[in-house]
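Structure at a glance
Spelled out, the chains give:
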Amino acid sequence: MKDNIFRLGELFCGPGGIAVGASKAEVEGCKIEHAWATDYHPDTCETYRKNIFPTTPEKVICQDIRTLDMNVLGEVSDVDALAFGFPCNDFSLVGEQKGVKGEYGPLYTYCAKAVRHFRPKWFLAENVGGLKSSNEGSAFISILNEFRDCGYNLYPHLYKFEEYGVPQARHRIIIIGIRYEIDVEFKIPAPTGITKTAKEALSNIPENAPNQVITKQSNTVIERLSHIKPGENAFNADLPEHLKLKVKGAKISQIYKRLEPDKPAYTVTGSGGGGTHMYHWEEPRALTNRERARLQTFPDNHEFYGSKESIRRQIGMAVPADGVKQIFDALLKSFAGIPYSYVEPTFEILRYDPDHNTLELEKSKLMEEIAAYGKELS
């Protein structure tokens, strides 16, 4: 680190939610600058290049991390910190269990490989969304084991971003890791106490804002929405028989669900068919991609590239920029020795012990914590 600047490398960088939050964070001259980023999705990489590295697009490497040579990203000395919002949809705790040695193992192991390779002062890991369904919490324990074995003290916490002024109910576990020999203690930043509503978030969007293309709705969808009140969906609204959905089995609560203007929005998602695009509380239509980006707290000049559905995917998989900024602010204050308001973590702090580094002693407690908080993930 030079002149109180942390040089950040990003894996699974997405369209730039973490990057925007990092670029806004600054504490008494202590700030974060971007060194490089990588993702496998071409449109996502183009969005990141145009917004984060417009003059040095070569710093964004578009390649599958499972075949990526870490040396391509740069010298070990090029970065002081790492961030990654790794996907969790392919966790597998069966088979040969090759961990970081397996070419197609769980994707988080490649992040651990990068941590071992670059030895950053700290890292931020986001999107442990498969916690509840992954072997009753065993996947989460495997993640913690992997990262702590790299030589880091871990600070995992379930962040409810609507409590941090983000206009969206988005619950994610974020793990902060600090190299064990560094004498810095991270505290979970306290919620702001500010609630931002969907109506506040979606007001005053400039006419020329990028990605503000309104989807043309069918007459059937318009008629169905006319019977759905704010906060209701296609299954709990009083719909005429001809407008009811013929669905057997599980009924997803977000199908044709309209936003409530005076509350934060429900969780923005990046995929799904008809009825999953989030719906305006007043106008009979789905949200535009710019409106979804507003709920994810991207600035209006952050332009997304690709097809309409590709952009929807990018936005839905991103990290809320304003929410992660507050985590970065707390991290910078921790390194600068500046006090700040904090709360107790939802999960136990895990410290690296080079002589005895196993989670067996904490396993039962972690399982209790997982059971208590896993249901709150969305």
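Structure: above.
What comes next is a walk through the structure.

Definitions and limits used
- The residue numbering used here restarts from 1 in each chain and proceeds along that chain's sequence as written.
- pLDDT decides what is reported in this predicted model: residues at 70 or higher carry local features, side-chain atom pairs at 80 or more are listed and counted, and totals for whole chains, interfaces and linings draw on all residues regardless.
- Excluding hydrogens and water, the side-chain values take into account all heavy atoms of the structure.
- A run of H or I in DSSP becomes a helix once it reaches four residues, and a run of E becomes a strand once it reaches two; helices and strands are each numbered from the N terminus.
- The buried label goes to any residue with under 20% of its type's maximum accessible area, the exposed label to any with over 50%, and the partly exposed label to all in between, with areas taken from a 1.4 Å probe on protein chains only.
- Note on contacts: a residue pair qualifies if any of its non-hydrogen atoms lie within 4.5 Å across the two residues.
- Under the convention used here, a 1.4 Å probe and the Shrake-Rupley method define accessible areas, while residue burial counts only the protein chains that appear.
- In this analysis, axes come from line fits to C-alpha atoms, helices being fitted only over the stretch in contact, and the angle between any two N-to-C directions falls in the range 0 to 180 degrees.
- Oblique is the label for any angle not under 35 degrees, not over 145, and not in the 65 to 115 range, which are roughly parallel, roughly antiparallel and roughly perpendicular in turn.
- Note on convention: the crossing is left-handed when the near helix lies turned anticlockwise from the far helix by less than a right angle, right-handed when the turn is clockwise.
- When residues are sorted by character, Ala, Val, Leu, Ile, Met, Phe, Trp, Tyr, Cys and Pro go into the nonpolar class, Asp, Glu, Lys and Arg into the charged class, and all the rest, Gly among them, into the polar class.
- Side-chain rings of Phe, Tyr and Trp (the six-membered ring for Trp) are treated as a pair once their centres are within 6.5 Å; stacked means planes under 30 degrees apart, edge-to-face means over 60, and tilted covers the remaining angles.
- We treat two strands as partners when DSSP finds at least two bridges between them.
- Only buried residues count toward a nonpolar core, which is a set of Ala, Val, Leu, Ile, Met, Phe, Trp, Tyr and Cys residues joined through side-chain atoms within 4.5 Å.
- In protein, a polar contact means a hydrogen-donor-capable atom and an acceptor-capable atom, both N or O and within 3.5 Å, with residues adjacent in sequence counting only if both atoms are side-chain atoms; elsewhere, any N or O pair within 3.5 Å suffices.
- What counts as a salt bridge is simple: a side-chain nitrogen of Lys or Arg found within 4 Å of a carboxyl oxygen of Asp or Glu.

In terms of helices and strands, the protein carries ten helices and ten strands. For the protein, buried positions account for 53% of its 378 residues. Summarising the internal contacts of the protein: among those between residues at least 6 apart in sequence, 72% fall at separations of at least 24. Element-wise, carbon and sulfur atoms account for 47% of the exposed surface of the protein, whose accessible area totals about 17,000 Å².

At a minimum axis distance of 7 Å, the contact between helix α1 (residues 17–24) and helix α9 (residues 321–336) shows a crossing angle of 50 degrees. Between α1 and α9, the interaxial angle falls into the category oblique. As for the relative orientation of α1 and α9, their crossing is right-handed in sense. Contacts from Gly-17, Ile-18, Val-20, Gly-21, Ala-22 and Lys-24 in α1 reach Ala-321, Asp-322, Val-324, Lys-325 and Phe-328 in α9. Class assignment for the residues of the contact of α1 with α9 results in six nonpolar, two polar and three charged.

For the rest of this paragraph, the subject is the packing of helix α2 (residues 42–52) against helix α8 (residues 308–317). Remark: α2 packs on α8, axes separated minimally by 10 Å, with the N-to-C direction vectors making an angle of 70 degrees. The orientation of α2 with respect to α8, classified from their angle, is roughly perpendicular. As for how α2 packs across α8, the hand of that crossing is right-handed. Contact with α2, carried on its side by Asp-43, Thr-44 and Thr-47, involves Ser-310, Arg-313 and Gln-314 of α8 and no other residues of that element. The residue inventory of the contact of α2 with α8, partitioned by class, reads no nonpolar, four polar and two charged.

Moving on to the packing of aromatic side chains. Going through the model one piece at a time under the given rule, you end up with 19 aromatic pairs. Between Phe-86 and Phe-147, the aromatic rings sit 6.3 Å apart at their centres with planes inclined by 55 degrees, giving tilted as the arrangement. Of this pair, Phe-86 sits in the loop between β5 (81–84) and α3 (108–118) while Phe-147 sits in helix α4 (residues 138–148), and the two are 61 residues apart along the sequence. Given the relative accessible area of 0%, Phe-86 is considered buried. Aromatic pair Tyr-155 and Phe-186: ring centres 5.9 Å apart, planes at 70 degrees, arrangement edge-to-face. In this pair, Tyr-155 sits in strand β7 (residues 152–160) while Phe-186 sits in the loop between β8 (171–179) and β9 (188–189), placing the two residues 31 residues apart along the sequence. For Phe-186, a relative accessible area of 1% gives the class buried.

Turning next to the pairing of strand β1 (residues 5–11). Of all seven residues in β1, six are buried; the element is thus mostly enclosed. For β1 and strand β3 (residues 30–39), the ladder comprises seven bridges, and the chain directions are parallel. Note on β3: the bridge partner recorded for Gly-9 is Trp-36.

Assessed through its relative accessible area of 0%, Phe-147 is described here as buried. When residues no more than four places from it in sequence are discounted, the contact partners of Phe-147 are Phe-84, Phe-86, Tyr-108, Cys-111, Ala-112, Phe-123, Ala-125, Tyr-152 and Leu-154.

By size, the foremost hydrophobic cluster in this structure holds 35 residues, and its most contacted members are Phe-84, Phe-86, Phe-123, Phe-147 and Ile-175. Secondary structure elements with two or more residues in this core: β3, β5, α3, β6 (122–126), α4, β7 and β8. Setting aside anything within four residues of it in sequence, one finds Phe-123 in contact with Leu-82, Phe-84, Val-115, Phe-147, Tyr-152, Leu-154, Ile-175, Ile-176 and Gly-177. Counting residues in hydrophobic clusters, the runner-up holds 32 residues, among them Val-27, Ala-83, Val-319 and Tyr-340.

Turning to the side chain of Glu-291, a few remarks are in order. Relative to the elements of secondary structure, Glu-291 occurs in helix α7 (residues 289–295). Judged by its relative accessible area of 4%, Glu-291 falls in the buried class. Polar side-chain contacts of Glu-291 include one of 2.9 Å to the side chain of Arg-285.

Oppositely charged side chains can pair when the atoms bearing their charge come close. Applying the stated criterion across every chain, the model contains 18 salt bridges. For Arg-351, the salt bridge goes to Glu-185, with nearest N and O atoms at 2.6 Å. Here Glu-185 lies in the loop between β8 and β9 and Arg-351 lies in the loop between β10 (342–343) and α10 (363–373), a separation of 166 residues in the sequence. As a salt-bridge pair, Glu-260 and Lys-263 come within 3.5 Å of each other at their nearest N and O atoms. With a relative accessible area of 30%, Glu-260 lands in the partly exposed category. What makes Lys-263 partly exposed here is its relative accessible area of 45%.

Mapped onto the elements of the fold, Glu-146 is located in helix α4. Among the polar contacts listed, one links the side chain of Glu-146 to the side chain of Arg-116, at a separation of 3.4 Å.

A few words on the pairing of β6. Burial within β6 is extensive, with five of its five residues counted as buried. Going residue by residue along β6, you find Trp-122, Leu-124 and Glu-126 tucked away on one face and Phe-123 and Ala-125 tucked away on the opposite face as well. In the sheet, β5 pairs with β6 via four bridges, with the strands oriented parallel. Each residue of the ladder has a partner; that of Ala-81, found in β6, is Trp-122. Both β6 and β8 contribute to a ladder of five bridges, which runs antiparallel. Counterpart to Leu-124 in the pairing with β8 is Ile-176.

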